[in-house]
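# Reading the structure
Read off the chains here:
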Amino acid sequence: MKLSLYLKFIAGYLVFGVLGFAAVWTVSSGMMYQYLLRERADAMYDEANLIASAYSNIYQGEKQDLESAYQQLQAVAVFVDLEIWVVNRQGVIVVDSNHSARTGETIEGFDPMVTGNKSYVIGDYFGQFPYDVLSVSAPIIGNYNTYGYVTVHMPVSTIRADSDQGLNVIYISAAIIFVLSLIILLVFTKTVYFPLKKITEGANQYAAGNLDYRIDLEAGDEMGYLAATLNYMSAELNKMEEYQRNFIANVSHDFRSPLTSIKGYLEAIIDGTIPPEMYEKYLKRVISETERLTKLTQGLLTLNSLDGKGYLNRSNFDINRVIKDTAASFEGICMGRDINFDLTFTDNIQMVYADMGKIQQVLYNLIDNAIKFSYDGSTIFIQAYQRNEKIFVSVKDTGIGIPKNSVKKIWDRFYKTDQSRGRDKRGTGLGLAIVKEIIQDHGENIDVVSTEGAGSEFIFSLPRATVL
């Protein structure tokens, strides 16, 4: 069974808590016990030295009441919860702070040097205790002689009890920190888990084809950015899907119309509906329709190559010459409609760095479009001028213009304005789409300014040629 990310996070959190408490118990318990052991041993050793100093006065001949010294010994022992003995050099207990029967007893195997290089020893102290005690000793010195020893004992269980109390404080503090760390889990749940669930649901909806689904997540962090990106992606995919449907519908429509005409004319010729003397007329119409299909097919192939980001064969060339040659190719059409060209160049030669063949196609499509929507006897203005490191080319007509609500749509494939307004009803709706693709592939821009009833102007930029 696969665990969700949230369950994994909770499991990790619990493992962290258990291991954390285990580490605190393992490390802190030993450290706390050793610390208290050293601290108590040092304190006991200081007390033993103080008491030894008091008893040394007796052996130095100073007057001191032994009973009074015993009372001081007993008071210290009770205050610090210790058992204190005064032992002579032979190991006989001279004074016991508890006034017990130990007074007068001999400690078998007594060795004041049993602590070695330490200041304390742990054990039953030569069999004197039925349990482990912490013991320290200090010599009683008088007149440069050692007369005995003061030994101080504390049950190890007392130290362990104090250690446990200190550990309880640590455990409680660790538990409080662990509980407070639940805030991290809550923050994770709110800022990561819940948003991630919404994003996952959105991804599943998109995978199922529901591109209208929107991820409802308003956040200023990375999760919010991811949700917004996915929403944008789905919207674009939805547009692409709609575009593909429209594309197929438009292609089907534009292919069906000439094919229907061709089929109708040929069937009429075969079944005799059209008399032989009319064959030439209708066969010319068939040829015209096939040319329309050829033009449409070529436009689709061109767009397909541009969509594939085909290689641009860039070179330096004179844009003025290309404009003149392209405009000259329309001489026959323009003469029939009495349309003139007005060419304006700021310099005799204006070199650009671009793909000459594709720029010729751009100019051809723009000029062809201008002629289609111009009135007979009008003028088409073409300009090329320099601004900074760019050469701008303008193609302007004084024709019917573009409706305001159609200006942004003219770059769409197969889009056509009301054909009844045009002079040529046989366009494919691909010309301006091809123009925009070519200019964008060059990394440049193209704009249009149009006023309905006054004409349109298309302006695009090209990079100036670099002089080597």
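Residues numbered from 1 in each chain as written. Predicted model: local features only at pLDDT ≥ 70, side-chain atom pairs only at ≥ 80, totals over all residues. Heavy atoms only, no water.

The subject of this paragraph is the overall build of the protein chain. In terms of regular secondary structure, the protein chain is built from 10 helices and 12 strands. Buried residues in the protein chain amount to 37% of all 468 residues. Taking the intrachain contacts of the protein chain between residues at least 6 apart in sequence as the baseline, contacts between residues at least 24 apart amount to 65%. (Helix = DSSP H or I, 4+ residues; strand = E, 2+ residues; numbered from the N terminus. Buried < 20%, exposed > 50% of the residue type's maximum accessible area, 1.4 Å probe, protein only. Contact = heavy atoms within 4.5 Å.)

The next subject is the sheet that holds strand β7 (residues 340–345). Strand order in the open sheet formed by five strands is β7-β9-β10-β12-β11, and the pairing between neighbours is mixed. With one partner strand each, in any of the chains shown, β7 and β11 (446–451) form the two edges of the open sheet. Between one strand and the next, the sheet's axes are offset by a mean angle of 15°, whatever the strand orientation. The sheet contact formed by strand β9 (residues 379–387) and strand β10 (residues 390–396) spans seven bridges and is antiparallel. Bridge pairing in β10 links Gln-383 to Ser-394. Relative to the sheet, helix α9 (residues 356–372) contacts β7, β9, β10, β11 and β12 (455–463), its axis offset from that of β12 by approximately 170°. (Pairing = 2+ DSSP bridges. Axes fitted to C-alpha atoms, helices over the stretch in contact; angles between N-to-C directions.)

Moving on, we come to unusual backbone geometry. The phi angle at Tyr-125 is positive, at roughly 50°, despite the residue not being glycine. Relative to the elements of secondary structure, Tyr-125 occurs in the loop between β3 (121–123) and β4 (133–142). Phi is positive for Asn-388, which is not a glycine, with a value near 55°. Relative to the assigned elements, Asn-388 resides in the loop between β9 and β10.

We now examine the environment of Ala-54. By the element assignment, Ala-54 lies in helix α1 (residues 5–59). Taking the C-alpha atoms as reference points, Ala-54 and Ile-140, separated by 86 residues in sequence, lie 8.7 Å from one another.

Turning our attention to α9. In a regular helix each residue adds 1.5 Å, so 17 residues correspond to 24 Å; α9 covers 24 Å between its end C-alpha atoms and thus fits that length. Three or more residues of α9 are buried, namely Ile-359, Val-362, Leu-363, Asn-365, Leu-366, Ile-367, Asp-368, Asn-369, Ala-370, Ile-371 and Lys-372. (Expected span 1.5 Å × (residues − 1).)

Right, let's talk about the side chain of His-442 for a bit. Checked against the element boundaries, His-442 lands in the loop between α10 (431–441) and β11. Residue classification places His-442 among the buried residues on the basis of a relative accessible area of 5%. Within the structure, the side chain of His-442 is placed 3.1 Å from the backbone nitrogen of Asp-355, a separation counted as a polar contact. If we ignore the near neighbours within four places in the chain, the residues touching His-442 are Leu-312, Arg-314, Ala-354, Asp-355, Lys-358 and Ile-359. (Polar contact = N/O pair within 3.5 Å; in protein donor to acceptor, adjacent residues only side chain to side chain.)

Glancing now at the pattern of salt bridges. Within this structure, the stated rule accounts for nine salt bridges. Measuring nitrogen to oxygen at the nearest pair gives 3.4 Å for the salt bridge that ties Glu-280 to Lys-284. Taken as a pair, Glu-280 and Lys-284 lie in helix α6 (residues 279–307) at a separation of four residues, close to a single helical turn. Judged by its relative accessible area of 52%, Lys-284 falls in the exposed class. Between Lys-358 and Asp-355 there is a salt bridge whose closest N-O contact spans 3.9 Å. (Salt bridge = Lys/Arg side-chain N within 4 Å of Asp/Glu carboxyl O.)

Aromatic ring pairs are reported here in terms of the distance separating the ring centres and the angle at which the planes meet. In the structure shown here, the tally under the stated rule is eight aromatic pairs. Between Trp-85 and Tyr-125 the ring centres are 6.2 Å apart and the planes differ by 70°, which places this aromatic pair in the edge-to-face class. Here Trp-85 is found in strand β1 (residues 83–88), whereas its partner Tyr-125 is found in the loop between β3 and β4, with 40 residues between them in sequence. Neither residue differs from the other here; Trp-85 and Tyr-125 are each classed as buried. (Phe/Tyr/Trp six-rings, centres within 6.5 Å; stacked < 30°, edge-to-face > 60°.)

With their axes 9 Å apart at the nearest point, α9 and α10 run at an angle of 145° to one another. Both α9 and α10 take part in a crossing whose hand is left-handed. Where α9 abuts α10, its residues Lys-358, Ile-359, Gln-361, Val-362, Asn-365, Leu-366 and Asn-369 lie against Gly-431, Leu-432, Ile-434, Val-435, Ile-438 and Ile-439. A per-class count over the contact of α9 with α10 returns eight nonpolar, four polar and one charged. (Left-handed = near helix turned anticlockwise from the far one by under 90°. Nonpolar A, V, L, I, M, F, W, Y, C, P; charged D, E, K, R; others polar.)

Interpretation in functional terms is not warranted from these geometric data alone.
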